[in-house]
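Inside the fold
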Amino acid sequence: AQKVTQAQTEISVVEKEDVTLDCVYETRDTTYYLFWYKQPPSGELVFLIRRNSFDEQNEISGRYSWNFQKSTSSFNFTITASQVVDSAVYFCALARDNYGQNFVFGPGTRLSVLP
Amino acid sequence: DAGITQSPRHKVTETGTPVTLRCHQTENHRYMYWYRQDPGHGLRLIHYSYGVKDTDKGEVSDGYSVSRSKTEDFLLTLESATSSQTSVYFCAISESSGAISPLHFGNGTRLTVT
């Protein structure tokens with residue numbers, strides 16, 4: 001069975017602090033994909049990144065970076081120099097390519113960035 | 001932005017009444033999904049579709065049915081709504097490209113069952 005754990009339910013930081021959101025996954029598949037989504041207070045779900053299981057390179061996009069480690073089954077997300085606009089719920093998700101491209105989401109981490 | 005429209009955006013209904021939520025896409029994507037979002041549970045898959053008239057159950061399908069008669073439309077029906085189905089419902093789409101494509105979500109439907 002596939003499972004995604006986001007142990008941090010809520011995190012509060014002060015603006016300009018760095019923050020890391022943890023994501024640990026479980027799967028028996030050798031080919032799988034990992035995703036991060038952002039849900040701001042307005043409610044929409046925004047795709048941030050996709051990573052496949054064969055690509056362990058870390059990725060950086062502006063203030064955002066992702067650390068994928070198969071050895072620890074983790075796909076952590078770091079925001080550098082956080083801003084108030086980063087306040088949102090962040091979801092990590094795991095998908096495998098069977099008949100329905102099933103996606104399993106973690107419970108989410110609510111990040112509050114205080115001014 | 002992906003062309004996904006959910007209707008209605010908000011609905012209040014009484015226990016025992018049937019409810020249908022509609023998802024319409026303009027992207028011609030193969031895959032369509034219905035998720036529900038509840039506090040502490042994240043997003044849970046209700047049903048999904050991998051083509052016209054091809055659907056399958058997700059994790060929390062009891063009490064729900066779906067239909068997809070056209071590529072662009074995916075309907076979610078609550079045959080007899082219960083208070084436990086009060087939730088925010090999201091439709092999502094993804095294309096088939098050999099690798100798994102990201103889900104793109106609609107703006108959600110907030111359903112309250114009284």
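Placed above this text is the structure.
The rules behind these values
- Sequence order as written defines the numbering, with residues in each chain counted from 1.
- Working convention: letters from A go to chains and numbers from 1 go to ligands, in the order in which they are written.
- Only residues with pLDDT of at least 70 get local features here, since the model is predicted, and only at 80 or more are side-chain atom pairs given and counted; chain-wide, interface and lining totals rely on the full set of residues.
- To obtain the side-chain values, all non-hydrogen atoms of the structure were included, while hydrogens and water were left out.
- By this definition, two strands are paired if DSSP reports at least two bridges between them.
- Secondary structure elements follow DSSP: runs of H or I no shorter than four residues count as helices, runs of E no shorter than two count as strands, and numbering proceeds from the N terminus.
- In what follows, salt bridge is the name for a side-chain nitrogen of Lys or Arg lying within 4 Å of a carboxyl oxygen of Asp or Glu.
- Each residue gets one of three labels from its accessible area relative to the maximum for its type: buried under 20%, exposed over 50%, partly exposed in between, using a 1.4 Å probe on protein chains only.
- Aromatic rings from Phe, Tyr and Trp, taking only the six-membered ring of Trp, are treated as a pair when their centres fall within 6.5 Å; an angle between ring planes under 30 degrees marks them as stacked, one over 60 as edge-to-face, and anything in between as tilted.

Here's the deal with the pairing of strand β6 (residues 54-57) of chain B
Residues and elements named next belong to chain B. Pairing between strand β5 (residues 42-51) and β6: four bridges, direction antiparallel. Its bridge partner lying in β6, Y48 is registered against D56. Once β5 ends, the chain turns through two residues before running back antiparallel as β6, passing K53 with a positive phi of about 65 degrees.

Here's the deal with the pattern of salt bridges
One pass over the structure, following the stated rule, counts eight salt bridges over all chains. Residue D29(A) pairs with R96(A) through a salt bridge whose shortest N-O separation is 3.8 Å. Here D29(A) is found in the loop between β4 (24-26) and β5 (33-39), whereas its partner R96(A) is found in strand β10 (residues 88-96), with 67 residues between them in sequence. Since its relative accessible area comes to 28%, D29(A) is described here as partly exposed. For R44(B), the salt bridge goes to D38(B), with nearest N and O atoms at 3.0 Å. Look at R44(B) and you get buried, because its relative accessible area is 17%. D38(B) sits in the buried class, given a relative accessible area of 11%.

A look at unusual backbone geometry
Residues S7(B) and P8(B) are joined by a peptide bond in cis, for which omega reads -5 degrees. Along the chain, P8(B) falls in the loop between β1 (4-7) and β2 (10-13). In this structure, A81(A) is a non-glycine residue whose phi angle is positive, near 50 degrees. Inspection of the secondary structure assignment puts A81(A) in the loop between β9 (74-79) and β10. For K53(B), which is not glycine, the phi torsion reads 65 degrees and is therefore positive. Mapped onto the elements, K53(B) comes out in the loop between β5 and β6. When its relative accessible area of 69% is taken as the criterion, K53(B) is described as exposed.

Points about the packing of aromatic side chains
Per the counting criterion, the structure on display carries 23 aromatic pairs over all chains. Each ring, one from W66(A) and one from F77(A), has its centre 5.0 Å from the other, and the planes form 5 degrees; the classification is stacked. Here W66(A) is found in strand β8 (residues 64-69), whereas its partner F77(A) is found in strand β9, with 11 residues between them in sequence. The burial state of W66(A) is the same as that of F77(A); both residues are buried. One aromatic cluster in this structure is built from F35(A), Y37(A), F47(A), F103(A), F105(A), Y33(B), Y35(B), Y48(B), Y50(B), F90(B) and F105(B).

The values reported here are purely geometric and, on their own, carry no functional implication.
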